[in-house]
Amino acid sequence: MDILHAVGPLLLIGMIVLFVINRLKSMHKKGELAKSQSKQKQALIDSVIPLGMIAGAGVGTVVGIIVSEFINAISLGGAIGMLIGYSVYAYCSKRTQLHTN
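Fair warning: this is a prediction, and the values are worked out from it, not measured in the lab.

**Q** Hey, could you run me through the overall build of the protein chain in this one?
**A** Broken down by element type, the protein chain carries four helices and zero strands. In the protein chain, the succession of helices and strands from N to C terminus is α-α-α-α. At 16 Å, the protein chain has a C-alpha radius of gyration far larger than the 13 Å of a compact globule built from 101 residues. When the backbone C-alpha atoms are referred to their principal axes, the protein chain occupies close to 55 × 25 × 15 Å. The buried share among the 101 residues of the protein chain stands at 27%. For the protein chain, the distance from the average site of its 9 positive side-chain charges to the average site of its 4 negative ones is 20 Å.

**Q** Would you take a moment to explain helix H1 (residues 2-30) for this structure?
**A** Helix length check: H1, at 29 residues, gives a terminal C-alpha distance of 43 Å against a target of 42 Å (1.5 Å per residue), a fit within 8%. Taking the largest bend as the criterion, H1 deviates by roughly 30°, centred on Gly 8, and proline Pro 9 comes between one and four positions later. Taken together, the buried positions of H1 are Pro 9, Ile 13, Ile 16, Val 20 and Met 27. In the stretch just after H1, Gly 31 is the one whose phi turns positive, near 75°.

**Q** Please clarify how the nonpolar core should be interpreted in this entry.
**A** A general tendency of soluble globular proteins is for nonpolar side chains to be buried together. The biggest cluster of nonpolar side chains holds nine residues, and these are Val 20, Met 27, Ala 34, Ile 45, Ile 49, Met 82, Tyr 86, Tyr 89 and Ala 90. Contributing elements (two or more residues each) for this core: H1 and helix H4 (70-100). Looking at this core element by element, the count peaks at four residues for H4.

**Q** Is there a simple way to think about the packing of aromatic side chains in this case?
**A** The geometry of an aromatic ring pair is captured by the separation of the ring centres together with the interplanar angle, meaning the angle of the planes. The full count for this structure, using the stated rule, is one aromatic pair. An angle of 85° between the planes, with centres 6.0 Å apart, marks the rings of Phe 19 and Tyr 86 as edge-to-face. Here Phe 19 is found in helix H1, whereas its partner Tyr 86 is found in helix H4, with 67 residues between them in sequence.

**Q** Quick question: what am I supposed to make of the environment of Gln 42 here?
**A** By relative accessible area, Gln 42 is classed as buried at 17%. Sequence spacing of Gln 42 and Gly 14 is 28 residues, and the spatial spacing of their C-alpha atoms is 28 Å.

**Q** Help me understand the confidence of the model for the protein chain, please; the structure alone is not making it clear to me.
**A** In this model, the protein chain carries a mean pLDDT of 85, and residues with pLDDT of at least 70 account for 95%. Model confidence for the protein chain, summarised as mean pLDDT per element, is weakest for H4 at 83 and strongest for helix H3 (residues 48-66) at 90.

**Q** Would you take a moment to explain the environment of Ser 93 for this structure?
**A** Structurally, Ser 93 can be placed in helix H4. With a relative accessible area of 2%, Ser 93 lands in the buried category.

**Q** Please clarify how a nonpolar patch on the surface should be interpreted in this entry.
**A** Where nonpolar side chains cluster on the molecular surface, the patch consists of Val 59, Val 62, Val 63, Ile 65, Ile 66, Val 67, Phe 70 and Ile 71 and spans about 790 Å² of accessible area. With five residues, H3 is the largest single contributor of residues to the nonpolar patch. The topology assignment puts Ile 66 in helix H3.

Thresholds applied
- Residues numbered from 1 in each chain as written.
- Predicted model: local features only at pLDDT ≥ 70, side-chain atom pairs only at ≥ 80, totals over all residues.
- Heavy atoms only, no water.
- Helix = DSSP H or I, 4+ residues; strand = E, 2+ residues; numbered from the N terminus.
- Rg over C-alpha atoms; globule rule 2.2 N^0.38 Å.
- Buried < 20%, exposed > 50% of the residue type's maximum accessible area, 1.4 Å probe, protein only.
- Lys, Arg positive; Asp, Glu negative; His and termini not counted.
- Charge placed at Lys NZ, Arg CZ, Asp CG, Glu CD.
- Expected span 1.5 Å × (residues − 1).
- Bend = angle between axes of the 7 residues up to and from the residue.
- Core = buried A, V, L, I, M, F, W, Y, C linked by side-chain atoms within 4.5 Å.
- Phe/Tyr/Trp six-rings, centres within 6.5 Å; stacked < 30°, edge-to-face > 60°.
- pLDDT = per-residue confidence, 0-100.
- Patch = residues over 30% accessible without salt bridge, like charges linked within 9 Å, V, L, I, M, F, W, Y side chains within 5 Å.
- Areas by Shrake-Rupley, 256 points an atom, 1.4 Å probe, with all protein chains shown as cover.
- Salt bridge = Lys/Arg side-chain N within 4 Å of Asp/Glu carboxyl O.

Shown next as structure tokens:
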């Protein structure tokens, strides 16, 4: 049971990361990545996923201080933040495609 407790978060994080990478690869192949005319907007759109990871790790740190499993909370927070950042990026991609069509 201890091994599952130690390896479980790692497997969950790995699945989230692989999901995001594969979805971004397929978006790239289809040409569906978010594009903006403004360099500032494009920089913000491109920074959404890393900012989500940083915010998630910060929330994970706070939760980890309250809960006893500090390292797992930071790692899971970063992975969940990456997933939320990807969701925002995908939304921005679809929104920019609707405006260009």
